[in-house]
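# A closer look at the structure
These are the residues of each chain, in order.
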Amino acid sequence: MSPHFDIRAFRPEDDPVLCDIRRRAVLAVPPRFYSPVALQNWADEDRPGSHGAMAARGVSVLVAEAPDMALLGMAAFAVRDATGTLFRLYIDPEAQRTGVGTALLHRAEDDMSTQGATRVTLESSLVALAFYEKHGYAVTARTRLHYDDGTPFDVREMEKTL
């Protein structure tokens, strides 16, 4: 771990803070990547209790915590049939570019490998694409999703061999 934070398992009381981190991280995305409507739709996807619900379904949720107990970010993943899937990686905007995201990603990859994964898949937003490429992920498909209101949202399906 870093001297600036620890990585630990999710606790139910973390959920409201993680929802807030995710929302602020999404709303901090520069508008060159997505329209304001797409960003608002993305930010509004999370609901209170969502991280606990993921954990209850067997998804592993990791949290980065500062020495003052402030939460800095989170990662959520699961392993099935030797394939790990990274569902979420969000970092508080004030903690971005400090190594928190890299540490959470590496810990999630290590945990997935320990659980038998030989590869990891994920869907990356356009804003996170360079981060994942830097960490060895390759684009396998380009996908355009649409919100219920028809707003497009482009993602990249990515994969890495562990």
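Residues numbered from 1 in each chain as written. Predicted model: local features only at pLDDT ≥ 70, side-chain atom pairs only at ≥ 80, totals over all residues. Heavy atoms only, no water.

### Examining the packing of aromatic side chains
- Considering all chains together, one arrives at six aromatic pairs under this definition.
- On the basis of an interplanar angle of 70° and a centroid distance of 5.7 Å, the ring pair of Y34 and W42 is categorised as edge-to-face. Exposure class is identical for Y34 and W42. Each is buried.
- Both rings, one in F131 and one in Y132, keep their centres 5.3 Å apart while their planes meet at 75°; by these two values the pair is edge-to-face. (Phe/Tyr/Trp six-rings, centres within 6.5 Å; stacked < 30°, edge-to-face > 60°. Buried < 20%, exposed > 50% of the residue type's maximum accessible area, 1.4 Å probe, protein only.)

### Comments concerning the nonpolar core
- Within the largest apolar cluster, 24 residues are counted, with the highest numbers of intra-cluster contacts made by L86, L89, V100, L104 and Y132.
- Of all the secondary structure elements, the ones that give two or more residues to this core are β2 (60-65), β3 (71-80), β4 (83-91), α4 (100-114), β5 (119-125) and α5 (129-134).
- The biggest single contributor to this core is α4, with five residues.
- The contact partners of L86, leaving out residues within four places of it in the chain, are A75, A76, F77, L105, A108, V120, T121, L122 and Y132.
- Counting residues in hydrophobic clusters, the runner-up holds 23 residues, among them Y34, V61, Y147 and F153. (Core = buried A, V, L, I, M, F, W, Y, C linked by side-chain atoms within 4.5 Å. Helix = DSSP H or I, 4+ residues; strand = E, 2+ residues; numbered from the N terminus. Contact = heavy atoms within 4.5 Å.)

### What to know about the sheet that holds strand β6 (residues 138-146)
- Spatial ordering of the open sheet is given by β1-β2-β3-β4-β5-β7-β6, a layout of seven strands whose pairing is mixed. Of all the strands in the sheet, just β1 (6-9) and β6 have a single pairing partner and so form its edges. Neighbour-to-neighbour, the strand axes of the sheet open up by a mean angle of 25°, direction not taken into account.
- Two elements, β2 and β3, share six bridges in a ladder whose sense is antiparallel. Across the sheet, L62 pairs through a bridge with A75, a residue of β3. (Pairing = 2+ DSSP bridges. Axes fitted to C-alpha atoms, helices over the stretch in contact; angles between N-to-C directions.)

### Details of unusual backbone geometry
- The residue D81 is not glycine, and still its phi comes out positive at about 50°.
- Phi at R97 is positive, roughly 65°, even though this residue is not glycine.
- You can call R97 exposed: its relative accessible area is 87%.

### Observations regarding the pairing of β6
- Note: β6 against strand β7 (residues 152-161), eight bridges, orientation antiparallel. The residue of β7 that forms the bridge with V139 is M158.

### Quick look at the pairing of β7
- Examined bridge by bridge, β5 and β7 share seven bridges and lie antiparallel to one another. Opposite L122, over in β7, you have M158 as the bridge partner.

### So, the pattern of salt bridges
- According to the stated counting rule, one finds 13 salt bridges in the structure shown.
- A salt bridge links E65 to R8, with the nearest nitrogen and oxygen atoms 3.3 Å apart. With E65 in strand β2 and R8 in strand β1, this residue pair connects regions lying 57 residues apart in the sequence. By the burial criterion, E65 is buried, and R8 matches it.
- The partner of E109 in a salt bridge is K160, and the shortest N-O contact between them spans 3.2 Å. Here the residue E109 occupies a position in helix α4, and K160 occupies one in strand β7, the gap between them amounting to 51 residues. With respect to burial, E109 and K160 carry one shared label: buried.
- Salt bridges sharing partners connect three or more residues here, namely R22, E45, D46 and R88. (Salt bridge = Lys/Arg side-chain N within 4 Å of Asp/Glu carboxyl O.)

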